[in-house]
Amino acid sequence: MDWDKLRIFHAVADAGSLTHAGDALHLSQSAVSRQIRALEETLGVTLFHRHARGLILTEQGELVFDATSAMSKKLETTEARLRDSEDEVFGELKVTTSVGFGSLWLSPRMGRLYDRYPDLKIDLMLEERVLDLPMREADVAIRMKEPSQADLVRRRLMDVNMRFYATQPYLDKFGVPEDFEELRKHRIVSQNLTSQQVTASLNWIRPILAGDHLSHLTVNNYFGVLQAVLYGVGVGLLPSYVTVDFPQLVRVLPDEQSHQVPVYLAYPEELRHSKKVAIFRDFVLEEIKADKKLSQI
């Protein structure tokens, strides 16, 4: 199969339109259409169902698109590795992590990475869904559990505990709980009990919330929990890494905490020698080391 025709087919399948694909490829609609017809004649199959609202892949077209998508991802990886030089770092690096860790810990520190490498482009994707690294949905992941996918290089970064925190003005107004019984008299702020990737904290707090307590505010990410705590809404269940950047938080029930939650950095085996990945990994490790000097997290 002719790669030029496959490249044009991939653009059409991705765009769902001859016109949009032509704009992306800087080709006329008629030129794109000719290439698609030629590919269909070569393969002896129909690749698209054509209708007034655009193009839809046939079953055979889906098979070809799966193949061209895999080829495209491999070429992107090869291009990125070729552009990683010994003397300079540039280009895009796709990083994924949870909303809480990404917004509360990683994002505020990114300026120090850009100070060193101003031409680096980071696409930071914050979501609880586990992205597929081997399929290059992301280049690097920081996850709150050990990755289960094969063919990944992984590094344990640190361990995090879930703890209770409040502000001093809140404690001055409502009192300092000395045990779980007294804690039930306070409003608890936590992640939603159906949230993903917070198993350790949920298993720990579920029995506490099972009893009678004043009220409970749930938020679907830790950034929202933190904001509520900082504004005196209640006693919040938060990861221990937040104390470095928010020293105004006061730990409540200091003898109580969840089991350790391991934090891992992972990336595909094929990016083992990528300079961008190495620089990002080393940057994260340096930041964690610096944090440990300020506070035990």
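Look up: the structure comes first, before these words.
Residues numbered from 1 in each chain as written. Predicted model: local features only at pLDDT ≥ 70, side-chain atom pairs only at ≥ 80, totals over all residues. Heavy atoms only, no water.

When you go through the chain residue by residue, the secondary structure sums to ten helices and twelve strands. Computed over the C-alpha atoms, the radius of gyration of the chain is 25 Å, more than 25% above the 19 Å expected from 2.2 N^0.38 for a compact globule of 297 residues. Judged by the C-alpha coordinates and their principal axes, the chain covers about 80 × 50 × 30 Å. For the chain, contacts bridging at least 24 residues in sequence account for 74% of all contacts bridging at least 6. For the chain, the exposed area adds up to about 15,600 Å²; of that, 49% sits on carbon and sulfur atoms. (Helix = DSSP H or I, 4+ residues; strand = E, 2+ residues; numbered from the N terminus. Rg over C-alpha atoms; globule rule 2.2 N^0.38 Å. Contact = heavy atoms within 4.5 Å. Areas by Shrake-Rupley, 256 points an atom, 1.4 Å probe, with all protein chains shown as cover.)

This part takes up helix 3 (residues 29–43). For helix 3, with 15 residues, the first-to-last C-alpha span of 21 Å sits near the 21 Å given by 1.5 Å per residue. Looking only at helix 3, the buried set comprises A31, V32, S33, I36, L39 and E40. A positive phi of about 75° marks G44, the residue just after helix 3. (Expected span 1.5 Å × (residues − 1). Buried < 20%, exposed > 50% of the residue type's maximum accessible area, 1.4 Å probe, protein only.)

Looking at where R50 falls in the secondary structure, it is placed in strand 1 (residues 48–51). Judged by its relative accessible area of 47%, R50 is partly exposed. The sequence separation of R50 and E76 amounts to 26 residues, and the corresponding C-alpha distance is 30 Å. Each residue touching R50, except ones within four places of it in the same chain, is listed here: I36, E40 and L55. A polar contact is formed between the side chain of R50 and the backbone oxygen of F48, at a distance of 3.3 Å. (Polar contact = N/O pair within 3.5 Å; in protein donor to acceptor, adjacent residues only side chain to side chain.)

With that settled, consider the packing of aromatic side chains. Within the structure shown, the criterion is met by four aromatic pairs. Ring centres of F9 and F48 lie 5.5 Å apart, and the angle between their planes is 45°; this geometry places the pair in the tilted category. With F9 in helix 1 (residues 3–15) and F48 in strand 1, this pair connects stretches of sequence that are 39 residues apart. Taking relative accessible area as the criterion, F9 reaches 0% and is therefore assigned buried. With 5.2 Å between their ring centres and 80° between their planes, F101 and Y241 make a pair best called edge-to-face. In this pair, F101 is assigned in helix 5 (residues 99–116) and Y241 in the loop between strand 10 (235–239) and strand 11 (249–252), connecting sequence segments 140 residues apart. Comparing F101 with Y241, the two get one shared label, buried. (Phe/Tyr/Trp six-rings, centres within 6.5 Å; stacked < 30°, edge-to-face > 60°.)

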